[in-house]
Amino acid sequence: MNIPYTGGCACGAVRYNVSGEPVAMVDCQCRQCQRESGTGHQSHMVFVAAEVEIHGATSAWEMTGDGGTLKRPAFCPTCGSPVFMTFPATPDIFILRPASLDQPEHYKPTLVTWTEAAQAWDHVDPTAASFPRMPPAG
């Protein structure tokens, strides 16, 4: 079943529509995700080769992840809400921030990454598959 994934920033200046199904729903506990989210982890809905429409201007910055991957988080320049993330080396991958969804209940994490950096006070789903860093490619 193909659910239309729509959402946007807190102030409504940025909106998106994603057609396709996520290939992964991940809670990442790496230090960069902690810093960027302001809490113990950041949640990601990962899409590959999905049709994505963005309405409104976003700002972005580039960072190198704990695993060495160059990432480009995008946010609303008005309210500062994180909305999505892309990877310059793999343009087919599009990552939504689930809290920005119109229907955030569609987010059901099944994977937890970078547990070696987890904070004791951050409680993620204990039934999700977990990895000390990133899972093996495959």
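- The chain is annotated in an unreviewed UniProt entry as CENP-V/GFA domain-containing protein of Pseudorhizobium flavum.
- If you open the UniProt record of the chain and go to Sequence similarities (unreviewed entry), you find "Belongs to the Gfa family."

Observations regarding the pairing of strand 10 (residues 93-96)
Next up, step 1: Sheet analysis places strand 4 (residues 42-48) next to strand 10, joined by four bridges and oriented antiparallel. Residue pairing in the sheet places Val48 in a bridge with Ile93 of strand 10.
Next up, step 2: In this structure, strand 9 (residues 82-86) lies alongside strand 10, joined through three bridges in antiparallel fashion. Each bridged residue has a counterpart across the sheet, and for Thr86 the counterpart in strand 10 is Phe94.
Next up, step 3: Turn length for the strand 9-strand 10 hairpin, with the two strands adjacent in sequence and antiparallel, is six residues.

Quick word on the state of the cysteines
Next up, step 1: For the coordinates displayed, the defined rule picks out zero disulfides.
Next up, step 2: We note that Cys11 lacks a disulfide partner, and the nearest cysteine sulfur, in Cys9, lies 3.7 Å from it.
Next up, step 3: Judged by relative accessible area, Cys11 falls into the partly exposed class, the value being 41%.
Next up, step 4: Cys76 takes part in no disulfide bond, and the closest cysteine sulfur to it belongs to Cys9, at a distance of 3.7 Å.

Reading the values: rules and limits
- Residues numbered from 1 in each chain as written.
- Predicted model: local features only at pLDDT ≥ 70, side-chain atom pairs only at ≥ 80, totals over all residues.
- Heavy atoms only, no water.
- UniProt positions renumbered as here; feature names shortened; annotations may be inferred.
- Pairing = 2+ DSSP bridges.
- Helix = DSSP H or I, 4+ residues; strand = E, 2+ residues; numbered from the N terminus.
- Disulfide = S-S within 2.5 Å.
- Buried < 20%, exposed > 50% of the residue type's maximum accessible area, 1.4 Å probe, protein only.

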